[in-house]
2 protein chains.
Amino acid sequence: MGVESPAADVSSSEPAVPAEHPGVNDLFAVLAYGEISAFYRLAQEAALSPTLSGKVLAAKMAAAEMNHFRTLEVALAERGVDVYAAMDPFIRALDDYHASTDPSTWLESMVKFYVGDGIAADFYTEIAGSLPTEVGAVVRDVLAETGHSQFVVDEVRNAVQENRSERDRLTLWGRRLLGEAITQAQYVMAQRDDLTELVLSATGDLNGMAKLIERMQAGHAARMSALGL
Amino acid sequence: MGVESPAADVSSSEPAVPAEHPGVNDLFAVLAYGEISAFYRLAQEAALSPTLSGKVLAAKMAAAEMNHFRTLEVALAERGVDVYAAMDPFIRALDDYHASTDPSTWLESMVKFYVGDGIAADFYTEIAGSLPTEVGAVVRDVLAETGHSQFVVDEVRNAVQENRSERDRLTLWGRRLLGEAITQAQYVMAQRDDLTELVLSATGDLNGMAKLIERMQAGHAARMSALGL
């Protein structure tokens, strides 16, 4: 790990992380299991929706996750890696994250979707720029905006505008989501040396990683504000 | 309704059912709610799968249903019809079908998916030929083979090959699925004059409809046989 931050040098033609870096498989695999678990979470939480249109929206968001899973499955296969074997080390951390942040209302579910997806998207978008072109393209593809966020923002904003206790409750909920995400990310990093090395290479060094975390916290605050929280 | 069967006259350039037939909206709507309910059924039943690959397969099948829903939503919108209002009359019959055929095992779930989808596909494929080109194209598109059937056939065949009691149980289950599907189809037809008129126009007359039902029963028997049941 260097003293300078190669991640900042966007004009460089050499990516900070080579395509054959073993952490790339881990990166695709954790994204892939993230899509699977998000699919099942959304499908289950849709039962909380008071309307059929809410249920359909959740189903559409869930279907988009599976289309992304397929992209990652193909990308891993092209690297000679079986998606199931690759996902195995990440099942526990992601299942634990979802179990510890199980929404009890439709609004909690919507906030979790918006905030959780946002945290993940921030992280991957930040490091995508330091990845080899084809790897970064896969990451950007599966994190592409699926166009459902505005519905979520409207639902939550309308609900909290006239209900202060709901707003306070969802504000605490949003903080808890960030905290749990950080806890599980730390657990994964401690277990997976290749992935940790990839993130360090992509961010430059520990200092670059600290700045990345700061930017992610700022992104989280902006999203909470967009929700009226 | 004529004495002859226009459905049999495939060389005719005039479709038996005009594009503006009000039953077309019903046809798209019942298909659309069918996709939604199949999505949630598959997502819930995936919990019964003993393997992660089974869960992923169920999620992929569910995602394909939502892509089909989107096609129908667009087709209805182009006809000036809101998908939610249009689906409303069909919610009860489809919910009742699923409630009365709730699988208790992964194999029951797989048989239901394969057999239930097959019954629906037979019906819609039969009448698609009598529909105006653009309407028939939508119907064929949303019923297109999603390529997951072979997995289901293999799973079920392997499971029943060496287990006679499982085979007997699943054979009865398959019969019950057909019976419940017919019960709910009759309920829908009794409620929806436009849809019934469309099906009669598409099949030619009551005699044509009886022949359609015979062919659907033959198709069901062939699918059960493919499953080793």
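See above for the structure.
Criteria and cut-off values
- Residues numbered from 1 in each chain as written.
- Chains lettered and ligands numbered in written order.
- Predicted model: local features only at pLDDT ≥ 70, side-chain atom pairs only at ≥ 80, totals over all residues.
- Heavy atoms only, no water.
- Helix = DSSP H or I, 4+ residues; strand = E, 2+ residues; numbered from the N terminus.
- Rg over C-alpha atoms; globule rule 2.2 N^0.38 Å.
- Buried < 20%, exposed > 50% of the residue type's maximum accessible area, 1.4 Å probe, protein only.
- Contact = heavy atoms within 4.5 Å.
- Areas by Shrake-Rupley, 256 points an atom, 1.4 Å probe, with all protein chains shown as cover.
- Lys, Arg positive; Asp, Glu negative; His and termini not counted.
- Charge placed at Lys NZ, Arg CZ, Asp CG, Glu CD.
- Salt bridge = Lys/Arg side-chain N within 4 Å of Asp/Glu carboxyl O.
- Phe/Tyr/Trp six-rings, centres within 6.5 Å; stacked < 30°, edge-to-face > 60°.
- Least-squares fit on C-alpha atoms with pLDDT ≥ 70 in both.
- Expected span 1.5 Å × (residues − 1).
- Axes fitted to C-alpha atoms, helices over the stretch in contact; angles between N-to-C directions.
- Left-handed = near helix turned anticlockwise from the far one by under 90°.
- Nonpolar A, V, L, I, M, F, W, Y, C, P; charged D, E, K, R; others polar.
- Polar contact = N/O pair within 3.5 Å; in protein donor to acceptor, adjacent residues only side chain to side chain.
- Core = buried A, V, L, I, M, F, W, Y, C linked by side-chain atoms within 4.5 Å.
- Parallel < 35°, antiparallel > 145°, perpendicular 65-115°, else oblique.

**Q** Before we move on, can you summarise the overall build of chain A with the specific residues and values?
**A** Scanning chain A for helices and strands turns up ten helices and zero strands. In terms of overall size, chain A behaves like a compact globule, its C-alpha atoms giving a radius of gyration of 18 Å where 229 residues would be expected to give roughly 17 Å. Seen through its principal axes, chain A has C-alpha atoms that stretch 50 × 35 × 30 Å. When the 229 residues of chain A are sorted by exposure, 50% land in the buried category. Nonlocal contacts in chain A, meaning residues at least 24 apart in sequence, comprise 83% of its contacts between residues at least 6 apart. In the form shown here, chain A has an accessible surface area of approximately 10600 Å², with 52% of it arising from carbon and sulfur atoms. Each charge sign in chain A was given a centre, from 18 positive and 33 negative side chains, and these centres are 8 Å apart.

**Q** Can you explain the pattern of salt bridges? Please cite residues and give values.
**A** For the structure shown, the criterion picks out 18 salt bridges over all chains. Its salt-bridge partner being R169(B), residue E108(B) comes within 2.8 Å of it at the nearest N-O pair. Of this pair, E108(B) sits in helix α5 (residues 106-128) while R169(B) sits in helix α8 (residues 164-191); the two residues are 61 residues apart in sequence, bridging distant segments of the chain. For R169(B), a relative accessible area of 35% translates into the label partly exposed. What emerges from the salt-bridge pattern is a single network uniting K60(A), R70(B) and E73(B).

**Q** Explain the packing of aromatic side chains to me, and be specific about the residues and the numbers.
**A** Per the stated rule, a full pass over the model turns up five aromatic pairs over all chains. The interplanar angle of 85 degrees and the centroid separation of 4.8 Å between the aromatic rings of F39(A) and Y40(A) together place this pair among those described as edge-to-face. On the basis of relative accessible area, F39(A) is assigned to the buried category, the value being 0%. Between F123(B) and Y124(B) the ring centres are 5.0 Å apart and the planes differ by 70 degrees, which places this aromatic pair in the edge-to-face class. The class for F123(B) is buried, based on a relative accessible area of 18%. According to the relative accessible area criterion, Y124(B) is buried, its value standing at 10%. Three or more aromatic residues joined by ring pairs form one cluster here, namely F39(A), Y40(A), F39(B) and Y40(B).

**Q** Can you tell me about the environment of L177(B), naming the residues and giving the values?
**A** Residue and element names in this part refer to chain B. Turning to its location among the elements, L177 is positioned in helix α8. L177 gets classed as buried once you look at its relative accessible area, which sits at 0%. The contacts of L177, once residues within four sequence positions are left out, are Y97, T101, V111, K112 and V115.

**Q** An account of the relation of the copies chain B and chain A is requested, with residue identities and associated values reported.
**A** Overlaying chain B on chain A yields an RMSD of 0.0 Å, the required transformation being a rotation through 180 degrees with an accompanying axial translation of 0.0 Å. Such a combination of rotation and displacement between the chain copies is what one expects of a two-fold axis. Among all residues of chain B, the minimum C-alpha distance to the rotation axis is found for A63(B), at 2.1 Å. Of the residues that chain B buries at the interface, 100% are likewise interface residues in chain A, meaning the two copies contact each other through the same surface.

**Q** Go over helix α8 (residues 164-191) of chain A, please, and point to the residues and values.
**A** Its 28 residues give α8(A) an end-to-end C-alpha distance of 41 Å, which sits within 8% of 40 Å, the value for a rise of 1.5 Å per residue. Burial in α8(A) covers these residues: E166(A), L170(A), T171(A), W173(A), G174(A), L177(A), L178(A), A181(A), Q184(A) and V188(A).

**Q** Can you explain the packing of helix α2 (residues 52-78) of chain A against helix α1 (residues 23-45) of chain B? Please cite residues and give values.
**A** When two helices pack together, their arrangement is captured by the angle between the axes and the distance separating the axes. Across the interface, α2(A) lies against α1(B) with an axial gap of 11 Å and an inter-helix angle of 65 degrees. As for the relative orientation of α2(A) and α1(B), their crossing is left-handed in sense. Only Y33(B), I36(B), F39(B) and Y40(B) of α1(B) make contact with α2(A), whose side of the interface consists of L52(A), K55(A), V56(A), A58(A), A59(A) and A62(A). Class assignment of the residues belonging to the contact of α2(A) with α1(B) gives a composition of nine nonpolar, no polar and one charged.

**Q** Go over the interface of chain B and chain A, please, and point to the residues and values.
**A** Interface extent is often summarised as the accessible area lost during association of the parts. Between chain B and chain A, the residue contacts involve 23 residues of the former and 23 residues of the latter. At the boundary of chain B and chain A, one finds two salt bridges. Residues E73(A) and K60(B) are paired through a salt bridge, measuring 2.7 Å at the closest nitrogen-oxygen approach. Summed over the shared surface of chain B and chain A, the number is six residue pairs in polar contact (both at pLDDT 80 or more).

**Q** Describe the nonpolar core, with residues and values.
**A** Ranked by internal contacts, the top residues of the largest apolar core, which has 145 residues, are F28(A), F39(A), V111(A), V156(A), F28(B), F39(B) and V156(B). Apart from residues no more than four positions distant in its own chain, F39(B) is found in contact with F39(A), A43(A), A59(A), A62(A), A62(B), A63(B), E65(B) and M66(B).

**Q** Can you explain the packing of α8(A) against helix α10 (residues 206-226) of chain A? Please cite residues and give values.
**A** Residues and elements named next belong to chain A. As a packed pair, α8 and α10 sit with axes 11 Å apart at the nearest point and diverge in direction by 155 degrees. Relative to α10, the element α8 lies roughly antiparallel. Classified by chirality, the crossing of α10 by α8 is right-handed. Of the residues in α10, those in contact with L170, T171, G174, R175, L178 and M189 of α8 are M209, H220 and M224. Its residues assigned to classes, the contact of α8 with α10 shows five nonpolar, three polar and one charged.

**Q** Quick one: what's the story with the side chain of E45(A), residue by residue and with numbers?
**A** Residue and element names in this part refer to chain A. Note that E45 resides in helix α1 (residues 23-45). In this structure, E45 is buried with no salt-bridge partner, the nearest side chain bearing the opposite charge being R41 at 4.2 Å. Within polar-contact distance, the side chain of E45 engages the side chain of S109 at 2.5 Å. Those residues in contact with E45 that lie beyond four places of it in its chain are P103, W106, S109 and K112.

**Q** Explain the environment of E65(A) to me, using residue names and the numbers behind them.
**A** Residue and element names in this part refer to chain A. By the element assignment, E65 lies in helix α2. Counting along the chain gives 23 residues from E65 to L42, while the straight-line C-alpha distance between them is 9.7 Å. Look past the residues within four positions of E65 in its chain and what remains in contact with it is E35, A38, F39, L42, F113 and D117.

Purely spatial values, then, with no claim about function.
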